[in-house]
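If you want the building blocks of each chain, they are given just below.
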Amino acid sequence: MSKVGVIMGSTSDLPVMQEAIDILKEFDIEAELDIVSAHRTPDKLFDYGKNAHSRGIQVIIAGAGGAAHLPGMIASLSPLPVIGVPVKSRNSIDGWDSVLSILQMPGGVPVATVALDGAKNAGILAAQILGASNKNIQNKIIAYKEGLKKKVIEGASNLKK
């Protein structure tokens, strides 16, 4: 079974990160959820980053606000693809601090970065990564995208009525 690790810096990030969990469930992909703070639990961060792959996790989605070090630090430790979700937190500078902290990674430590509060897209991207080698997941992605197309066509048709 495919498994994605969904981590965040604190419980305050859960309302945003829930969208990743929900879309992964829609694709029948197991999500392992945890709180891993880059600044408050560095030992846990190191353990998670170094060992997630040995627990069967195949992709990591890491959400973080403010200084947003979690995705980059996990990417520096893990051999797995990491998708960063910048979270607009209450102490954020309009979310730009989180976006830039996750986006501006040095060469050799990539983090795929989605839009501010874009956890749903992070979940879809994780599914697409897994779908590259899993036809069952890939077929669910194809059906999902067909559903998006259908909604737009129906919306356009309703406008003309």
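Everything here concerns the structure above.
Report follows, based on the coordinates.

Remarks on helix H3 (residues 70-77)
Alright, step 1. The element H3 is extensively covered by neighbouring structure, given that 6 of its 8 residues are classed as buried.
Alright, step 2. Those residues of H3 lying buried are Leu70, Pro71, Gly72, Ile74, Ala75 and Leu77.
Alright, step 3. Looking at the buried side of H3, the elements it contacts are strand S1 (3-8), helix H2 (42-51), strand S3 (59-65), strand S4 (82-87) and helix H4 (96-103).

Observations concerning the pairing of S3
Alright, step 1. By the criterion of burial, S3 is predominantly enclosed, with 6 of the 7 residues buried.
Alright, step 2. Direction of pairing for S1 relative to S3: parallel, over a ladder of 5 bridges. Each residue of the ladder has a partner; that of valine 4, found in S3, is valine 59.
Alright, step 3. Here S3 pairs with S4 via 6 bridges, running parallel. In the strand pairing of S4, isoleucine 60 is matched with valine 82.
Alright, step 4. Chirality of the crossover, the property in question, places the unit of S3, H3 and S4 among those that are right-handed.

So, the pattern of salt bridges
Alright, step 1. Evaluation of the coordinates by the stated rule reveals 5 salt bridges.
Alright, step 2. We note a salt bridge from glutamate 32 to arginine 55, for which the minimum N-O separation is 2.7 Å. Separated by 23 residues along the polypeptide, glutamate 32 in strand S2 (residues 30-35) and arginine 55 in the loop between H2 and S3 bring together distant segments of the chain.
Alright, step 3. Classification of arginine 55 as partly exposed rests on a relative accessible area of 33%.
Alright, step 4. Salt bridges sharing common partners tie together Lys3, Glu32 and Arg55.

What counts, and where the lines are drawn
- Residues numbered from 1 in each chain as written.
- Predicted model: local features only at pLDDT ≥ 70, side-chain atom pairs only at ≥ 80, totals over all residues.
- Heavy atoms only, no water.
- Buried < 20%, exposed > 50% of the residue type's maximum accessible area, 1.4 Å probe, protein only.
- Helix = DSSP H or I, 4+ residues; strand = E, 2+ residues; numbered from the N terminus.
- Contact = heavy atoms within 4.5 Å.
- Pairing = 2+ DSSP bridges.
- Right-handed = clockwise from strand over helix to strand, strands pointing away.
- Salt bridge = Lys/Arg side-chain N within 4 Å of Asp/Glu carboxyl O.

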